[in-house]
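Descriptive structure summary
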Amino acid sequence: MAELPFRQIHLDFHTSPLIPDVAADFDAGRFASTLKAAHVNSVTVFAKGHHGMSYYPTNVGVVHPSLKRDLLGEMIEACHAQGIRTPVYITVVWDEHAAHLHPEWLQVSTAGIAGVQPPFTAGWKYLCMNSPYLDYVAAQTREVVSRYPVDGVFFDIVFQVTPGCICKYCLDGMADAGLDPQNDADLRHYSTDVARRAMRGLSAIVWEHRPEAGIFFNGRVRLAGDAESGLREELPFMTHIEVESLPSGQWGYLHYPMYSRYVQSLGVEFLGMTARFHKSWADFGGLKNRAALEYEVFSMLATGGKCSIGDQLHPRGVLEPAAYDLVGSVYGSVEAKEPWCRRADPVKEVGVLVGVEGWDRGADTTPEEGATLMLLQAQRQFQLIDRESEFGEHGCLIVPDRAEVDGELIAKLEKYVAAGGSLIVSGGSGLSGGRPDLERLLGASYAGEPDYTTHYIHADPALGLPDMEHVMYEGATLVRPQGEGKAL
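What comes next concerns the included structure. (Residues numbered from 1 in each chain as written. Predicted model: local features only at pLDDT ≥ 70, side-chain atom pairs only at ≥ 80, totals over all residues. Heavy atoms only, no water.)

Quick word on the packing of aromatic side chains
The line we're drawing: Pairing of aromatic rings covers Phe, Tyr and Trp, the last counted by its six-membered ring, and requires centre-to-centre distances within 6.5 Å; plane angles under 30 degrees mean stacked, over 60 mean edge-to-face, and any other angle means tilted. To qualify as a helix, a DSSP run of H or I must reach at least 4 residues; to qualify as a strand, a run of E must reach at least 2; elements of each kind are numbered from the N terminus. Each residue is placed in one exposure class: buried if its accessible area under a 1.4 Å probe, protein chains only, is under 20% of its type's maximum, exposed if it is over 50%, and partly exposed if it falls in between. Should the NZ of a Lys or the CZ of an Arg lie within 6 Å of a ring centre and within 35 degrees of the ring normal, that charge is described as sitting over the ring.
Applying the stated criterion across every chain yields a total of 16 aromatic pairs. Look at Phe13 and Phe46: their rings are 4.5 Å apart centre to centre, the planes differ by 20 degrees, and that puts the pair in the stacked class. Here Phe13 is found in the loop between strand 1 (7-12) and helix 1 (28-37), whereas its partner Phe46 is found in strand 2 (residues 42-48), with 33 residues between them in sequence. Classification of Phe46 by relative accessible area gives buried; the value is 1%. Taken together through their ring pairs, the aromatic side chains of Trp94, Trp124, Tyr126 and Phe159 make up a single cluster. The cationic tip of Lys412 hangs over the ring face of Phe391; the distance from NZ or CZ to the ring centre is 4.3 Å.

Below is the structure:
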């Protein structure tokens, strides 16, 4: 695949079948010229959305009932005429039409049927990628990539419930594999295998028909300290990574800096994705202020990523002019900066070892967030890395709170330190477990937890702190330097 474009639009179109006059006002020439005028050189257009409706004359799925044209085909043709790349969007786990027809395809969590809300309450149902539903998605994918000159496929919502699905298809599969559905570890492993089999099959279909097409599976980006549960094992199924992060919505402004620094360490092309909306997806009538959008997009360039701004097409098929005035004002500046950003390599000054496992999409990443915030404020160049990374590429390595420090990792840390690397270990990743091998490496030993409520530290004034007892609001651990008798 060619290098990712710098100036992309991710255009959603999740349109209920109850909505009339879908794309009634669509004009292909105006659509493409609006994007071109806004300095856009790639737009993700939609084949199928979360309602399960298709926007082309499908023989596999169901066309949106009020659509009277081949909207997907017209978009691709018009954009290609303007030199604009067109990957297509296909939703996977969320498909309301398929869920209604085939409730037996739904994912079942240990708490019940996944995604099912009280009657007349909005929400998306989760379909299992281990059920015959995957054959349906595969057939839709084959139809799209064989019929249209797509430049890539963005597969969205690609995950099973945590710790795993226990629908009849998964229970049968686990039984065949000798796994216990009442064991969370077995559930996690089988669930991850289900997702990876789905990605392997879908990517093979795309590349069979479009060998140069880009592929990304959204919903797979997560932090992981080990290769088995993380993203590394899934990189063969995709060409790049997209870090979806709408900071003024639910993601917050720490999410992209942390995840982009992790993706950097995997050695693949990536882009950041924000949105023109002030809050979240489909926030019609909302428009992010220019300063915020510039900050978000320029942060992508600063971390070595390409740029994507999310939008959602109005059901009648017209792009919001004010939104693309905003996009154009920012992307014009991006275009001017591209020569200095192309093929940029990150400076690997500090490495932060990820301590969470990738099985749980909702894992607590507080230690990684704390390290990220600290290093951003210190204006240090850093990456979040896993155990498979080459530690020696970083002059300093931080092992933040609660990372599992076992014998294999300690041996790698010893080799790193012996080669001249600097090591910072904190909290539960360090001495609180009482590991003699790590204590020898650090020159200090665990001395227990204080038996009093409030903890203080008196730091050496040479560190620049006032000469006084500083309260430790989050508690403390007693540490004894080796060779001395006084606990710290």
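Some details on the layout of surface pockets
Threshold: Here a cavity is any set of points on a 1 Å grid over the protein atoms alone where a 1.4 Å probe fits but cannot get out, and a pocket is any open set with protein on both sides within 12 Å along at least 5 of 7 lines; a residue lines the site when it has an atom within 4 Å of a point. Grid points are joined across faces, edges and corners, and a volume is the space filled by probe spheres set on the points. By the convention adopted, Pro, Cys, Tyr, Trp, Phe, Met, Ile, Leu, Val and Ala count as nonpolar, Lys, Arg, Asp and Glu as charged, and the other residues, Gly among them, as polar.
Estimated volume of the largest pocket: approximately 960 Å³. In this structure, the largest pocket is lined by 38 residues; those nearest its centre are Asn218, Glu244, Gln250, Trp251 and Arg361. Secondary-structure elements contributing two or more residues to the lining of the largest pocket are strand 1, strand 8 (152-156), strand 10 (241-244) and helix 7 (255-264). Looking at the lining of the largest pocket, its residues break down into 17 nonpolar, 11 polar and 10 charged.

Thoughts on unusual backbone geometry
For the peptide bond that leads from Thr162 to Pro163, omega is 0 degrees, which places it in the cis range. As for its placement among the helices and strands, Pro163 is situated in the loop between strand 8 and helix 5 (168-176). Although it is not a glycine, Ile157 adopts a positive phi angle of roughly 55 degrees. Counting through the fold element by element, Ile157 comes out in the loop between strand 8 and helix 5. The exposure class assigned to Ile157 is buried, which follows from its relative accessible area of 9%.

What about a negative patch on the surface?
Keep this limit in mind: Residues forming no salt bridge and having over 30% relative accessible area are the ones grouped into patches, like charges within 9 Å of each other and nonpolar side chains (Val, Leu, Ile, Met, Phe, Trp, Tyr) within 5 Å. For the accessible areas, the method is Shrake-Rupley and the probe is 1.4 Å, while residue cover comes only from the protein chains on display. Any Lys or Arg side-chain nitrogen found within 4 Å of a carboxyl oxygen on Asp or Glu counts as a salt bridge. Under the counting rule used here, the positive set is Lys and Arg, the negative set is Asp and Glu, and His together with the chain ends is not counted. The atom standing in for a charge is NZ when the residue is Lys, CZ when it is Arg, CG when it is Asp and CD when it is Glu.
Together, Glu228, Glu233, Glu357, Glu388, Glu404 and Glu408 line one region of the surface with negative charge. Residue position: Glu233 is located in the loop between strand 9 (214-217) and strand 10. Given the relative accessible area of 41%, Glu233 is considered partly exposed.

Examining the pairing of strand 9
Which entries qualify depends on this criterion: Two strands qualify as a pair provided DSSP detects at least 2 bridges between them.
Every second residue of strand 9 is oriented toward a common face, with Gly214 and Phe216 on one face and Ile215 and Phe217 on the other, all of them buried. For strand 8 and strand 9, the ladder comprises 4 bridges, and the chain directions are parallel. Its bridge partner lying in strand 9, Gly152 is registered against Gly214.

Focus on the packing of helix 1 against helix 2 (residues 71-81)
Relative placement of two packed helices is described by the angle separating their axes and the distance separating the axes. Note the threshold: Structural elements are reduced to axes, namely lines fitted to C-alpha atoms, with helices fitted over the stretch in contact, and the angle between N-to-C directions of any two is expressed from 0 to 180 degrees. Just so you know how the angles are binned, under 35 degrees is roughly parallel, over 145 roughly antiparallel, 65 to 115 roughly perpendicular, and the rest oblique. Helix crossings get a hand from a simple test, with the near helix turned counterclockwise from the far one by less than a right angle marking a left-handed crossing and a clockwise turn marking a right-handed one. By definition in these notes, contact holds between two residues if any of their heavy atoms fall within 4.5 Å.
Across the interface, helix 1 lies against helix 2 with an axial gap of 9 Å and an inter-helix angle of 50 degrees. Judged on the interaxial angle alone, helix 2 and helix 1 are oblique. Handedness of the crossing formed by helix 1 with helix 2: right-handed. Together, Ala28, Phe31, Ala32 and Leu35 of helix 1 and Glu74, Met75, Ala78 and Cys79 of helix 2 make up the contact between the two elements.

Comments concerning the sheet that holds strand 16 (residues 422-425)
A sheet is described by the order of its strands in space; here 4 strands give the open sequence 14-13-15-16, paired in parallel fashion. One side of each edge strand has no neighbouring strand; the edge strands of this open sheet are strand 14 (382-385) and strand 16. For this sheet the average axis-to-axis angle between neighbouring strands, irrespective of direction, equals 20 degrees. Taken together, the 4 bridges between strand 13 (residues 350-353) and strand 14 define a ladder with parallel strand orientation. When the bridges of strand 14 are listed, Val352 appears paired with Leu384. Along the sheet, helix 11 (residues 407-418) makes contact with strand 13, strand 15 (396-399) and strand 16, crossing strand 15 at roughly 155 degrees.

Some words on helix 6 (residues 184-209)
The line we're drawing: How far a helix is expected to stretch is found by multiplying one less than its residue total by 1.5 Å. Definition of a polar contact: a pair of N or O atoms within 3.5 Å, with one able to donate and the other able to accept a hydrogen when the atoms are protein atoms, and with sequence-neighbouring residues admitted only if both atoms are side-chain atoms.
Over its 26 residues, helix 6 runs 38 Å from end to end, which matches the ideal 38 Å to within 8%, given 1.5 Å per residue. Among the residues of helix 6, the N-terminal cap falls to Asn183, whose side-chain oxygen and the backbone nitrogen of Ala185 are separated by 3.0 Å.

So, empty space enclosed by the protein
A complete count under the given rule lists 3 cavities of 30 Å³ or more for this structure. Counted as a void, the largest cavity has a volume near 150 Å³. Residue composition of the lining of the largest cavity, by class: 5 nonpolar, 7 polar and 4 charged. Quantified by volume, the second largest cavity comes out at close to 110 Å³. In terms of lining, the second largest cavity is formed by Ser245, Pro247, Gly252, Tyr253, Tyr256, Pro257, Met273, Thr274, Tyr295, Glu296, Ser299 and Met300. Among the elements that make up the lining of the second largest cavity, the one with the highest residue count is helix 8 (residues 290-302) (4 residues). In terms of residue class, the lining of the second largest cavity is made up of 7 nonpolar, 4 polar and 1 charged.

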